[in-house]
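Structural overview for review
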Amino acid sequence: MDVELRQLRCLVAIVDEGTFTDAAIALGVSQAAVSRTLASLERTLGVRLLRRTSRAVAPTTTGLRVVAQARRVLGEVDDLVREATSGHSTLRVGYAWSALGRHTPAFQRRWAGAHPDTDLHLVRVNSATAGLAEGSCDLAVVRIPLDDRRFDAAIIGLERRLCVLSADDPLAGRRSLRLADLAERTLLIDRRTGTTTPELWPPDARPATEETHDVDDWLNVISSGRCVGMTAESTAHQYRRAGIVYRPVRDAEPIAVRLVWWRDDPHPATQMAIELLTALYRGD
């Protein structure tokens, strides 16, 4: 069963215009072409869609349902065409847990001032590619390297690693921590998108781990005192919460923040985004 878009447009035009003659004018075709197209749609579906009288045309009960669905289909097709032909007027930047930390507001403001013709949208997608592979964004901010030849990447900055503790944790009173301070604790991690793995510790001094895949669940468990966490500095700026404290881990290597895009189909604004974000992380 093959239903064509021209058939759906014809049906909607007849209903909207009220007559076959007016529908033909609206579509720029002959009245006979309108009749043939509607008849072919009814044959394909095997149902009567319109009641015809000498003065008017009205949808049948089934026709009303088909017309409503046809409007939705045609609207989605219009959106698809608009996205394909003018998608470069929007830049979607995906991220998993946290966007750009303290640089996020500045990035949004500076982008709007420098590139008013390209709308910037930040999109949270908790996947390894922060929505890039899923088609949810044009660029993605990631904090773990992607071993995938489909993508190119540029390091735009570095962020400190922070330990995350409940506010009443015995370690919360310290200004900073070392990895060894956490070796006997249970570490809550996200292996899919997180930056922390037991491999940060020596083989003979690695903490026990539990897993989560959601930042809110991660914060809730840590606030209970059952686990501790480690994360990029940006998380502390994006997720301030009562009962949670963030402390720098002074002997842990910083985290590289990468901007990632499709190798064979980069957004035209990719280089501009790299330059602006690199400047922000440098403090320019």
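Our structure's up above, just so we're on the same page.
Residues numbered from 1 in each chain as written. Predicted model: local features only at pLDDT ≥ 70, side-chain atom pairs only at ≥ 80, totals over all residues. Heavy atoms only, no water.

Observations concerning the sheet that holds strand β11 (residues 244–248)
Within the open sheet, the three strands sit side by side as β10-β7-β11. Their pairing is antiparallel. Single-partner strands in this sheet number two, and they are β10 (229–232) and β11. Taken pair by pair, the neighbouring strands of this sheet meet at an average axis angle of 35°, ignoring direction. Direction of pairing for strand β7 (residues 161–166) relative to β11: antiparallel, over a ladder of five bridges. (Pairing = 2+ DSSP bridges. Helix = DSSP H or I, 4+ residues; strand = E, 2+ residues; numbered from the N terminus. Axes fitted to C-alpha atoms, helices over the stretch in contact; angles between N-to-C directions.)

Thoughts on helix α6 (residues 215–223)
Restricting attention to buried positions, one finds in α6 the residues Val215, Trp218, Leu219, Val221 and Ile222. Along the axis of α6, the buried positions cluster into a sector of 165°, meaning they face one direction only. The backbone nitrogen of Asp216 has a side-chain oxygen 3.0 Å away, supplied by the residue at the start of α6, namely Asp214. (Buried < 20%, exposed > 50% of the residue type's maximum accessible area, 1.4 Å probe, protein only. Arc of directions from axis to C-beta. Polar contact = N/O pair within 3.5 Å; in protein donor to acceptor, adjacent residues only side chain to side chain.)

Quick notes on the environment of Asp152
You can see Asp152 is positioned in strand β6 (residues 151–159). A relative accessible area of 25% places Asp152 in the partly exposed class. Sequence separation between Asp152 and Trp261 is 109 residues; the distance between their C-alpha atoms is 5.5 Å. In this structure, Asp152 is in contact with Leu259, Val260, Trp261 and Arg263, ignoring residues within four places of it in sequence. For Asp152, the side chain forms a polar contact with the side chain of Arg263, separated by 3.0 Å. (Contact = heavy atoms within 4.5 Å.)

Some words on helix α5 (residues 104–114)
Think of an α-helix as turning once every 3.6 residues; residues three or four places apart then point the same way. Within α5, burial applies to Thr104, Ala106, Phe107 and Trp111. Across the axial projection of α5, the buried residues extend over an arc of 155°, all falling on one side. Away from its buried face, by an angle of more than 90 degrees, α5 presents the exposed residues Arg109 and Gly113. If you follow the buried residues of α5, they end up packed against β3 (90–95), β4 (119–124) and α8 (270–282).

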